[in-house]
Structure formats: structure tokens, C-alpha cells
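Survey of secondary and tertiary structure
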Amino acid sequence: QVQLVESGGGLVQAGGSLRLSCAASGSSFSINAMGWYRQAPEKQREPVAVITSGGTTSYADSVKGRFTISRDVAKNTVYLQMNSLEPEDTAVYYCYCNARRTVSYNYWGQGTQVTVSS
């Protein structure tokens, strides 16, 4: 079992910044990838940014150049630095972790609200 604890959401004006954090904890697991998804009202959950165990990153087209994902391996923690925020970024952001013991499995955080006002 892997537990994910998220923090850093909040209310910010357009053009502002927020930094999300997600720490993974558990025993006898290896992380394949961690990242962030988001879900806006009446929309499907969509991937935002992912970083693999090897450090490879990927981003949704809508956030490229504005968001940066990074990690602290020693702390099993992933971060999402969000700059130049837009009202369209308003959503619940969910931490994601793909980890394995004998098989791989997807884990999800409880979500943190990000609201961007005009």
C-alpha cells in the first residue's frame, strides 16, 4: 500500500503562482512514476505532468512552459511549480503514483483545490 499526501493548493489571482507537493509513503515498493492530474467541474480528469523514476518529464500541451514538475528522491516527494496561472487552470489537482512490489499499481491522492480568479 502506498499513501499520498498532497499540499499547496489554494486561491490565487491570474498570473500568480502556486507550488503543489505530494509525498509518498509505504513499505516494500518501488516507484515507476509520479505526477499530477486535474479535474475541472463537469470535465474529465486529465494528466498535467508526470516524471518517471529515471527523471523523464512530460506535460500536457496546455501547461507547457508554465508548469514544472520535479522530485526529491530521498523524500519520495514530487512537486508541481505552477506559474502564470490562468482561470482555466482551476481544478482539483490529484497526485498520482505508479508503484510496484510484485506488480505495478496506480495510486491517487485525495486531491487539492486550485482556484485562479480573474
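The structure presented is a predicted model; accordingly, all values stated were derived computationally and were not measured.

**A closer look at the overall build of the protein**
On a plain count of helices and strands, the protein comes out with 0 helices and 11 strands. Put simply, the protein runs from its N terminus to its C terminus through helices and strands in the order β-β-β-β-β-β-β-β-β-β-β. Burial analysis of the protein (118 residues in total) assigns 40% to the buried set. Sequence-distant contacts in the protein: of pairs separated by 6 or more residues, those separated by 24 or more amount to 53%. Here the protein has roughly 6400 Å² of accessible surface; of this, 46% comes from carbon and sulfur atoms.

**Remarks on the side chain of glutamate 6**
When you line up the elements, glutamate 6 lands in strand E1 (residues 2-7). The charged side chain of glutamate 6 is buried without a salt bridge, its nearest counter-charge being arginine 45 at 8.3 Å. Of note is the side chain of glutamate 6, whose polar atom sits 2.5 Å from the backbone nitrogen of glycine 111. Those residues in contact with glutamate 6, other than ones at most four positions away along the chain, are Ser21, Cys22, Trp36, Tyr93, Tyr94, Cys95, Gly109, Gln110, Gly111 and Thr112.

**Description of the nonpolar core**
Leu4, Trp36, Leu80, Met82 and Tyr93 are the most contacted members of the largest nonpolar core, which has 28 residues in total. When residues of this core are traced back to their parent elements, those giving at least two are E1, strand E3 (18-26), strand E4 (30-39), strand E5 (46-52), strand E7 (67-72), strand E8 (77-82), strand E9 (91-100) and strand E11 (112-117). Filtering out sequence-adjacent residues up to four positions away, tyrosine 93 remains in contact with Glu6, Leu20, Trp36, Tyr37, Arg38, Val48, Phe67, Leu80, Met82, Gly111, Thr112 and Val114.

**A short note on the state of the cysteines**
Scanning the model with the defined rule gives 1 disulfide in all. Two residues, cysteine 22 and cysteine 95, share a disulfide whose sulfurs are 2.0 Å apart. Torsion about the S-S bond of the cysteine 22 and cysteine 95 cystine: about -90°, corresponding to left-handed handedness. Here cysteine 95 lies in strand E9 and cysteine 22 lies in strand E3, a separation of 73 residues in the sequence. Classification of cysteine 22 by relative accessible area gives buried; the value is 0%. The exposure class of cysteine 95 is buried, given its relative accessible area of 0%. With no disulfide of its own, cysteine 97 lies closest to cysteine 95 among cysteine sulfurs, the gap being 7.0 Å.

**Structural notes on the packing of aromatic side chains**
This model, assessed by the stated rule, comprises 4 aromatic pairs. Measuring from ring centre to ring centre gives 4.9 Å for tyrosine 37 and tryptophan 108, while their planes differ by 80°; the resulting arrangement is edge-to-face. Of this pair, tyrosine 37 sits in strand E4 while tryptophan 108 sits in strand E10 (residues 104-108), and the two are 71 residues apart along the sequence. Residues tyrosine 105 and tyrosine 107 carry aromatic rings whose centres are separated by 5.0 Å and whose planes lie at 70° to one another, so their mutual orientation is edge-to-face. Just above the ring of tryptophan 108 sits the side chain of arginine 45; from NZ or CZ to the centre is 4.9 Å.

Reading the values: rules and limits
Residues numbered from 1 in each chain as written. Predicted model: local features only at pLDDT ≥ 70, side-chain atom pairs only at ≥ 80, totals over all residues. Heavy atoms only, no water. Helix = DSSP H or I, 4+ residues; strand = E, 2+ residues; numbered from the N terminus. Buried < 20%, exposed > 50% of the residue type's maximum accessible area, 1.4 Å probe, protein only. Contact = heavy atoms within 4.5 Å. Areas by Shrake-Rupley, 256 points an atom, 1.4 Å probe, with all protein chains shown as cover. Lys, Arg positive; Asp, Glu negative; His and termini not counted. Salt bridge = Lys/Arg side-chain N within 4 Å of Asp/Glu carboxyl O. Polar contact = N/O pair within 3.5 Å; in protein donor to acceptor, adjacent residues only side chain to side chain. Core = buried A, V, L, I, M, F, W, Y, C linked by side-chain atoms within 4.5 Å. Disulfide = S-S within 2.5 Å. Phe/Tyr/Trp six-rings, centres within 6.5 Å; stacked < 30°, edge-to-face > 60°. Lys NZ or Arg CZ within 6 Å of the ring centre and 35° of its normal.

In short, geometric facts, not functional conclusions.
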